Each structure stands twice: as C-alpha cells, then as structure tokens.
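# Structural features, examined
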Amino acid sequence: IARAEHVPGSLVPEPYRRLLVHDEHMTVTMEEFYASAVDVRVLAQHLEGDTYAREIVLLKAGTDTVVQFGIVRFHLEYVTEPVRKEILEGHTPLGRVLIKHNVLRHIDLGAVLRIWPGPGLQARFHCDGNVVTYGRLATIFCNEQPAVDLLESPAPVVNSESKQ
C-alpha cells in the first residue's frame, strides 16, 4: 500500500460501500458480489505459539482472478483444535472455516480506508498506480474474544463488473 486514508463509511462510493461497510464475512460478500465461490491462496504465513499471521488473496473459484487481498492475525487460542487445524492448512477461506464449524462470531468494523496501491498490491491486483481502491480494518470476535485482526481490500472494481 503506497498510501491509505480513513474514510467515513457513509462517503465510500458504491460498489465498495456494499463490499466493505457491513459486519459480515468478506468471504460471503465476495462470493455474492462475483456470483462465484472463492478460493484462498496463502502468500506468506507465520506461526508463533498461538498467534498465526498470513497474507492472502481470494480468487474466483477455479481461476487466477484476484478479487481480494488480505492480511490476517489470528489468536488461535480462541478456537477449537479442528478449527485451528483447518485454518493452518490454508485451503479454505477463513470466513468459510468459521461458518462451517459454527464458531460463535461477531465482526467489528474498525475503519474503512481509501487505498492507493503500491507496487506489490498493483502486481496482485494487475492494476497501475493511478487506481484507487478501498479496504477495511476489522476485528472478528470468536466466542466473545477478539480473535482476528484483519486488513481486507477488494480488487479494484471495473465498471463493467460493477453490479450497482
């Protein structure tokens, strides 16, 4: 990210408002928006004790089309061993794992950001430096504990893909 600034949710343009300003899992939101299941690709990960961090992209299922970039820090002590195992395997998007295992969860939207992608994010999104996108910072509470901190940014939305 070259630069980011806080934006009130009410000022976020569509379709980014619909994609980001809510308290739902981004996995479900991206699947609904793109009318496709999503796959996860773990780009980097680090596990230290019960703290697991990873950098990921979500892809339209069965393709290499990136629909979201994310950085996640998960405090694994707040979930059961089967949930922990599936998260660490890295084959299923986090939201889908939590839904599948019926983990009691609440998502707290912390902030919405306007993002100017730097070279790394431009490469992931296949865009140039003139593109602006949006993202969000959020915390997922699992079993009433602040278990997951997230930075999530959908790929820039091309007008032809926009479903306003």
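Details of the structure are given in the entry above.
This is a predicted model, so every value here is computed, not measured. (Residues numbered from 1 in each chain as written. Predicted model: local features only at pLDDT ≥ 70, side-chain atom pairs only at ≥ 80, totals over all residues. Heavy atoms only, no water.)

## A word on the nonpolar core
Counting residues in hydrophobic clusters, the biggest one holds 18 residues, and the most contacted among them are Phe 74, Ile 87, Leu 94, Leu 98, Ile 140, Cys 142 and Val 148. Counting only elements with at least two residues in this core, the list comes to strand S4 (66-75), helix H3 (81-89), helix H4 (94-100), strand S6 (133-142) and strand S7 (145-154). Among the nonpolar cores identified, the runner-up in size contains 17 residues, and Val 12, Met 26, Val 40 and Tyr 134 belong to it. (Core = buried A, V, L, I, M, F, W, Y, C linked by side-chain atoms within 4.5 Å. Buried < 20%, exposed > 50% of the residue type's maximum accessible area, 1.4 Å probe, protein only. Helix = DSSP H or I, 4+ residues; strand = E, 2+ residues; numbered from the N terminus.)

## Re the side chain of Arg 84
If you trace the backbone, Arg 84 turns up in helix H3. Taking the relative accessible area as the measure of exposure, Arg 84 reaches 16% and is therefore buried. A polar atom in the side chain of Arg 84 sits 3.5 Å from the backbone oxygen of Gly 49. Not counting residues within four places of it along the chain, the set of residues in contact with Arg 84 comprises Leu 47, Gly 49, Asp 50, Leu 76 and Val 79. (Polar contact = N/O pair within 3.5 Å; in protein donor to acceptor, adjacent residues only side chain to side chain. Contact = heavy atoms within 4.5 Å.)

## Notes on the pattern of salt bridges
Evaluated as defined, the whole model comprises 11 salt bridges. Between Glu 31 and Arg 96 there is a salt bridge; the shortest N-O distance is 2.3 Å. In this pair, Glu 31 sits in helix H2 (residues 26-34) while Arg 96 sits in helix H4, placing the two residues 65 residues apart along the sequence. Among the ionic pairs, Glu 89 bridges to Lys 85, the shortest N-O distance being 3.0 Å. Placement of the pair is Glu 89 and Lys 85 together in helix H3, with a separation of 4 residues, close to one helical turn. In this structure Glu 89 comes out as partly exposed when scored by relative accessible area, which is 39%. A network of salt bridges, in which partner residues are shared, links Arg 3, Glu 5 and Arg 114. (Salt bridge = Lys/Arg side-chain N within 4 Å of Asp/Glu carboxyl O.)

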